[in-house]
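Chain and residue survey
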Amino acid sequence: MDGGRLLDEALAAWAYARAGVADEVENLPADRFGFRPAPESRSVAELVRHVVQSGMMMAGELSRPDGDFARRRFDEHVADYGAAAEGAASRDELLRLLRETHDEGAERIRAAGAEHMLRPIRQFDGSCASRLTWMHHGIGHEEYHRGQLALYARLQGLVPALTRRIRGG
């Protein structure tokens, strides 16, 4: 399989994961974005903002010629790449950011090209992996938080968006 096809498949997987996060966000009433299941947990708004900012960081660092996740701390990466999302709290604003930043990030990665995405990048733990492999880590990260949003819905007496879709409703 050629690198271009692998990149296309990874970008499709990211689009699917991000759309799933957006579905779960749309499923939650706008007046419940302050909900947090425990005091030390992120609120709905904080969790969605984290997904947005992490995705911006992923696309930015993976597309850089000198990308290196270990060159600074995670919070420093997020502060650099995710500043535009800082303070976003409303359902509509977060949904807009989920969609716009995904589109922008996917374009950055696509523009970097398949050959670039097959090159190594240093991960947060200092080990190296291909950029494409790291992208799959980012996709898994978004799916993890999608599951959290589904749990937040359940804890508030709602049926998660994916469950509703599977049931045909």
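Everything discussed here concerns the structure shown above.
Throughout, a residue's number is its position along its own chain's written sequence, starting from 1. Reporting of local features is limited, given that this is a predicted model, to residues whose pLDDT is at least 70; pairs of side-chain atoms are given and counted only at 80 or more, and all residues count toward the totals for whole chains, interfaces and linings. Each side-chain value is worked out from all heavy atoms of the structure, with water and hydrogens disregarded.

**Remarks on the environment of Asp92**
Helix and strand labels come from DSSP, where a helix needs a run of H or I of at least four residues and a strand needs a run of E of at least two; each type is numbered from the N terminus. By the secondary structure assignment, Asp92 is in helix H4 (residues 91–112). Counting along the chain gives 46 residues from Asp92 to Gly138, while the straight-line C-alpha distance between them is 24 Å.

**Digging into the packing of helix H1 (residues 3–27) against H4**
Contact geometry for H1 and H4: axes closest at 10 Å, N-to-C directions at 175°. Compared by their axis directions, H1 and H4 come out roughly antiparallel. Every residue of H4 that contacts H1 at Leu7, Asp8, Leu11, Trp14, Ala15, Arg18, Val21, Ala22, Val25, Glu26 and Asn27 is listed here: Arg91, Leu95, Leu97, Leu98, Arg99, Thr101, His102, Gly105, Ala106, Ile109 and Arg110. The class makeup of the residues in the contact of H1 with H4 is 12 nonpolar, 4 polar and 6 charged. In this description, a line fitted to the C-alpha atoms serves as the axis of each element, helices being fitted only across the stretch in contact, and the angle between N-to-C directions of two axes falls anywhere from 0 to 180 degrees. By the definition adopted for this analysis, an angle is roughly parallel if under 35 degrees, roughly antiparallel if over 145, roughly perpendicular if from 65 to 115, and oblique otherwise. What makes two residues a contact is simply this: any of their non-hydrogen atoms within 4.5 Å. All amino acids are sorted into three groups, where Ala, Val, Leu, Ile, Met, Phe, Trp, Tyr, Cys and Pro are nonpolar, Asp, Glu, Lys and Arg are charged, and the leftover types, Gly among them, are polar.

**Regarding the pattern of salt bridges**
Only one rule defines a salt bridge in this text: a Lys or Arg side-chain nitrogen within 4 Å of an Asp or Glu carboxyl oxygen. Per the stated rule, a full pass over the model turns up 15 salt bridges. We note a salt bridge from Glu9 to Arg5, for which the minimum N-O separation is 3.1 Å. Of this pair, Glu9 and Arg5 both sit in helix H1, 4 residues apart, which is roughly one turn of that helix. We classify Glu9 as partly exposed; its relative accessible area is 35%. With a relative accessible area of 47%, Arg5 lands in the partly exposed category. Burial classification: accessible surface area is computed with a 1.4 Å probe over protein chains only, and a residue below 20% of its type maximum counts as buried, one above 50% as exposed, and the rest as partly exposed.

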